[in-house]
Amino acid sequence: MVERLAFRLAHWLKSEVPDHPYSEARLQFGFHLFLNTVFTLLVATILGLLFGNYRETMQVLFAFGLLRSISGGYHFQSATVCIVVSAGVAALLPFIDLTNFYINLLNIANMVLTIIFSPSRIEEQTRIPTKYFPALKIGSTVLVASNFLFQSQLLAITWFIQVLSLIRLPRKGGETG
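My aim in this report is to walk through the structure given alongside it, one point at a time. Throughout this description, residue numbers start from 1 for each chain and increase along the sequence as written. Only residues with pLDDT of at least 70 get local features here, since the model is predicted, and only at 80 or more are side-chain atom pairs given and counted; chain-wide, interface and lining totals rely on the full set of residues. To obtain the side-chain values, all non-hydrogen atoms of the structure were used and water was disregarded.

The pairing test for Phe, Tyr and Trp rings, Trp by its six-membered ring, is centres within 6.5 Å, and the orientation test on the planes gives stacked under 30 degrees, edge-to-face over 60, and tilted for anything in between. Following the criterion strictly, the structure yields three aromatic pairs and no others. Between Phe51 and Phe95, the aromatic rings sit 6.0 Å apart at their centres with planes inclined by 70°, giving edge-to-face as the arrangement. Residue Phe51 is found in helix α2 (residues 24-51), and its partner Phe95 is found in the loop between α4 (79-92) and α5 (100-117); the two are separated by 44 residues along the sequence. The way it works is that DSSP assigns letters per residue, a run of H or I at least four long becomes a helix, a run of E at least two long becomes a strand, and they are numbered from the N terminus.

End to end, α4 covers 20 Å across 14 residues, agreeing with the expected 20 Å (1.5 Å per residue, within 8%). Throughout this description, buried means an accessible area under 20% of the type-specific maximum (1.4 Å probe, protein chains only), exposed means over 50%, and partly exposed covers the range between. Among all positions in α4, only Ala79, Ile83, Ala87, Gly88, Ala90 and Ala91 are buried. Seen end-on, α4 carries its buried residues on one side only, within an arc spanning 165°. Two or three places before Thr80, at the opening of α4, Ser78 has a side-chain oxygen 3.2 Å from that residue's backbone nitrogen. How far a helix is expected to stretch is found by multiplying one less than its residue total by 1.5 Å. Note: the arc covers the axis-to-C-beta directions of the helix. By the criterion applied in these results, polar contacts are pairs of N or O atoms within 3.5 Å in which, for protein atoms, one can donate a hydrogen and the other can accept it, and in which residues neighboring in sequence qualify only through two side-chain atoms.

Before going further, it helps to examine the side chain of Asn53. The residue Asn53 is located in the loop between α2 and α3 (54-71) in this model. The class of Asn53 is buried, set by a relative accessible area of 6%. Here a residue-residue contact requires only that any non-hydrogen atoms of the pair lie within 4.5 Å. Not counting the four nearest positions on each side in its chain, Asn53 is found in contact with Leu47, Gly48, Ala91, Pro94 and Phe95.

As structure tokens, then:
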């Protein structure tokens, strides 16, 4: 759905403004990112309002996106799946109740996984040169470690879901996926 809409918008824009400096493929990519973000926010907003946890749902999306922007992570093949899963998880995570013990356990797990796997799968997603990837690892680790100060169960579980998306397991033949 999102892919087709992005393609149509890019094709329409390029036909209306043929001298536009961006290629149709680049326009399609930009529309895809924009539409994915807008639809995720829209669906999450609706779910947050329906479940009565709009504020917490938006906090989950913000925290997830903040960590993801510097740590990378797995990308679904379909934008529609990404929208549904992201919005659904963001609206459901506020219902999880954790004790301080589990918040700290998740904080430790988040730090360890971030140190081991961050940044992950961002080579094709960013213009940041690889020489700065160690700084992204440090930034990701400091960000998740900040929850030792906040002791937020929402941050602990949100960042745990995000750091799980960093893991790249070896596949048959030695490649990582």
